[in-house]
Amino acid sequence: DCDGTAPVLTQAELVIDNNVILDGEGKLTVDGNCEHHVFDVTEGTTAELRGLVVTNGLSVSSGCIGNGGDLTLMNSTLSRCTAEPDVGGFIQGSGAIDNGGTITLADSVVVENDGPRGAIGNYGDSMTLQRTTVSRNAGGGIFNAGSLVAVDSVVSNNNNFGIAVDGDGTSLLLVNSTVSENTSLDAAIGNSGL
């Protein structure tokens, strides 16, 4: 309940393990202070995050959000989050989102994140983008090893791939969407499993 914008500097990751709706109404910024993961949605949990800015997360798997449940992200921005390799360099995470469940992003922006496997990593049941922009991310746009549907969305100006499709059984459906101006040789869509 905020009269104006309200930044919240978190001391540790926020674990969501009960069904919940968190609505920031466009006024709430949740900041990981470049010290830890910001949100972790556990397996079996249904959650909605609305009207939030999630920023400055840092972890091995993903900086902003890790999802093992059923997550809907609406009218939100994920920015300046970073995934770093572990000490041996073996774990390759995604800067903004690491999805191991089911996730929908609607009317949201994923911008200026950095991770070895792009801004978003989809390894779960499914990911849906609706009117969402994934842009200007340092490690690439979306690494898809699951089912990805993008509707009325844009994946552009990422410093590497736009969408990488990897692994047997993966699928990609683009409906009225744009993948453009990404910088790698496989700049638009790199495919080894579609």
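Refer to the structure above for everything that follows.
These numbers were taken from a predicted model, which means no experiment stands behind them.

Right, let's get into the packing of aromatic side chains. A ring pair, where both rings are aromatic, is described by two values, the distance of the centres and the angle of the planes. This structure, assessed with the given rule, holds one aromatic pair. In this structure, Arg-117 is placed above the aromatic ring of Phe-143, and the distance from its NZ or CZ to the ring centre is 4.6 Å.

In this section: the side chain of Ser-79. The residue Ser-79 is located in strand β9 (residues 77-79) in this model. Its relative accessible area of 6% is what places Ser-79 among the buried residues. Excluding its chain neighbours within four sequence positions, the residues that come into contact with Ser-79 are Val-54, Thr-55, Asn-56, Cys-64, Val-111, Glu-112 and Asn-113.

One pass over the structure, following the stated rule, counts one disulfide. One disulfide bridge connects Cys-64 with Cys-81, the sulfur atoms lying 2.1 Å from each other. In this structure, the disulfide formed by Cys-64 and Cys-81 twists by about 90° around the S-S bond and is classed as right-handed. Of this pair, Cys-64 sits in the loop between β6 (58-59) and β7 (65-67) while Cys-81 sits in the loop between β9 and β10 (82-83), and the two are 17 residues apart along the sequence. By the burial criterion, Cys-64 is buried, and Cys-81 matches it. Cys-34 takes part in no disulfide bond, and the closest cysteine sulfur, belonging to Cys-81, lies 8.2 Å away. For Cys-34, a relative accessible area of 47% corresponds to the partly exposed category.

What counts and what doesn't
Residues numbered from 1 in each chain as written. Predicted model: local features only at pLDDT ≥ 70, side-chain atom pairs only at ≥ 80, totals over all residues. Heavy atoms only, no water. Phe/Tyr/Trp six-rings, centres within 6.5 Å; stacked < 30°, edge-to-face > 60°. Lys NZ or Arg CZ within 6 Å of the ring centre and 35° of its normal. Helix = DSSP H or I, 4+ residues; strand = E, 2+ residues; numbered from the N terminus. Buried < 20%, exposed > 50% of the residue type's maximum accessible area, 1.4 Å probe, protein only. Contact = heavy atoms within 4.5 Å. Disulfide = S-S within 2.5 Å.

By themselves, these are just geometric observations and shouldn't be taken as functional.
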